[in-house]
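Descriptive analysis of the structure
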Amino acid sequence: MLLAIDVGNSNNVIGLFSEGKLLTHWRIRTEWTRTSDEYWILIKEFIMLNDVEAETIDDIIIACVVPPLVPTLKEMGKKYFSCDPLIVGPGIKTGISILYKNPAEVGADRIVNSVAAYEKYGGPLIIVDFGTATTFDIVSKKGEYLGGAIFPGVQLSLEALFKNAAKLPRVELAEPDHVIGKSTIESIHSGAVHGFTSMIDGMVLKIQEELQQKALVVATGGIVDLIVSKAKFIDIIDNFLTLEGLLIIHQRNQD
């Protein structure tokens, strides 16, 4: 079995694959100070809830955008699973060309998403990932990673609004009933949801104009369903894109 770990700035998404199929997945908060033993305890509890023996997990692949956690997770893999985890980064086979000025700068999650989306849907592609940051990644018809755009995520923007505007309250993200809010909370909900969907639609149009062709738009990420329901130009919602990309990259590095 393969344990796939996607470490984001806010959450870790963990998937368990058997013979190329996703058996189950979990989401936990990203804690920079968590030790390898703590990660082991959490993962062991999850896999036991699914009647899986830890001994049956013989491979681990990790995409991590929090560098201090890489050695922690590598230590956990060696200590408790007797394997050396494959870390997505420079030097591993991805199957796509990265046409970035400095390929090492591209976040591992962005590469993994691009690999999975191109494998599943072909190109050209625009991949929108709703995480701590909202990222746009563009893949050509030939399967080349062309670059993209990075924008503050919805939750990050709401938190910044609360911390920097004295009279505005902290609110949970929720679907607004109207574009024109009738209270401060309704107005924040409208700005968060309708503002972000307008940004997404506008960015998609600008990217396609620069590409001079229409591209398939694939969306993923923790809050994708709420935001994308209001957007006009999202073609596909793929909630497990990153985990599936980790599986594909693992398979490509088996030799």
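This write-up is about the structure you can find in this document. (Residues numbered from 1 in each chain as written. Predicted model: local features only at pLDDT ≥ 70, side-chain atom pairs only at ≥ 80, totals over all residues. Heavy atoms only, no water.)

Judged by pairing direction, the sheet is mixed, and its five strands sit side by side in the order β3-β2-β1-β4-β5 without closing on themselves. Across the chains shown, the open sheet's two edge strands, defined by having one partner strand only, are β3 (21-29) and β5 (86-87). Where strand β1 (residues 2-7) meets strand β4 (residues 59-64), six bridges bridge the pair, whose relative direction is parallel. Counted as the bridge partner of L2 is D59 from β4. Together, β1, β4 and β5 form the strand contacts of helix α2 (residues 69-80), whose direction differs from that of β4 by roughly 175 degrees. (Pairing = 2+ DSSP bridges. Helix = DSSP H or I, 4+ residues; strand = E, 2+ residues; numbered from the N terminus. Contact = heavy atoms within 4.5 Å. Axes fitted to C-alpha atoms, helices over the stretch in contact; angles between N-to-C directions.)

Side-chain direction in a regular strand flips from residue to residue, so the side chains alternate between the two faces of the sheet. Across the six residues of strand β7 (residues 125-130), six count as buried, placing the element largely inside the fold. Residue alternation in β7 divides its side chains into two sets, L125, I127 and D129 and I126, V128 and F130, and both sets are buried. Examined bridge by bridge, β7 and strand β8 (residues 133-139) share six bridges and lie antiparallel to one another. Residue pairing in the sheet places D129 in a bridge with T135 of β8. (Buried < 20%, exposed > 50% of the residue type's maximum accessible area, 1.4 Å probe, protein only.)

Of all hydrophobic cores here, the largest spans 27 residues; its most connected members are I61, V88, L246 and I249. Elements with a minimum of two residues in this core: β1, β2 (11-18), β4, α3 (108-121), β7 and α7 (241-252). If you look at the next biggest cluster of nonpolar residues, it comprises 25 residues, including V128, A192, I200 and I227. (Core = buried A, V, L, I, M, F, W, Y, C linked by side-chain atoms within 4.5 Å.)

All right, on to the environment of S187 then. Looking at where S187 falls in the secondary structure, it is placed in helix α5 (residues 184-211). Here S183 takes part through its backbone oxygen, which lies 2.8 Å from a polar atom of the side chain of S187. (Polar contact = N/O pair within 3.5 Å; in protein donor to acceptor, adjacent residues only side chain to side chain.)

Now for the pattern of salt bridges. A complete count under the given rule lists eight salt bridges for this structure. Across the pair K120 and D238 runs a salt bridge whose closest N-O atoms are separated by 2.6 Å. Of this pair, K120 sits in helix α3 while D238 sits in the loop between β11 (236-237) and α7, and the two are 118 residues apart along the sequence. Residue classification places K120 among the partly exposed positions, given a relative accessible area of 36%. Where K120 meets E244, a salt bridge forms, and the shortest distance between an N and an O atom there is 2.6 Å. You can see K120 sitting in helix α3 and its partner E244 sitting in helix α7, a full 124 residues away along the chain. (Salt bridge = Lys/Arg side-chain N within 4 Å of Asp/Glu carboxyl O.)

Tracing the sequence through the fold places R34 in the loop between β3 and α1 (36-49). The side chain of R34 is buried and forms no salt bridge, while E31, the nearest opposite charge, is found at 4.6 Å. A distance of 3.0 Å separates the side chain of R34 from the backbone oxygen of R29, its partner in a polar contact. When sequence neighbours within four positions are dropped, the list of residues in contact with R34 reads I28, R29, Y39, L42, L69 and T72. (Lys, Arg positive; Asp, Glu negative; His and termini not counted.)

This is a description of form; function is not addressed.
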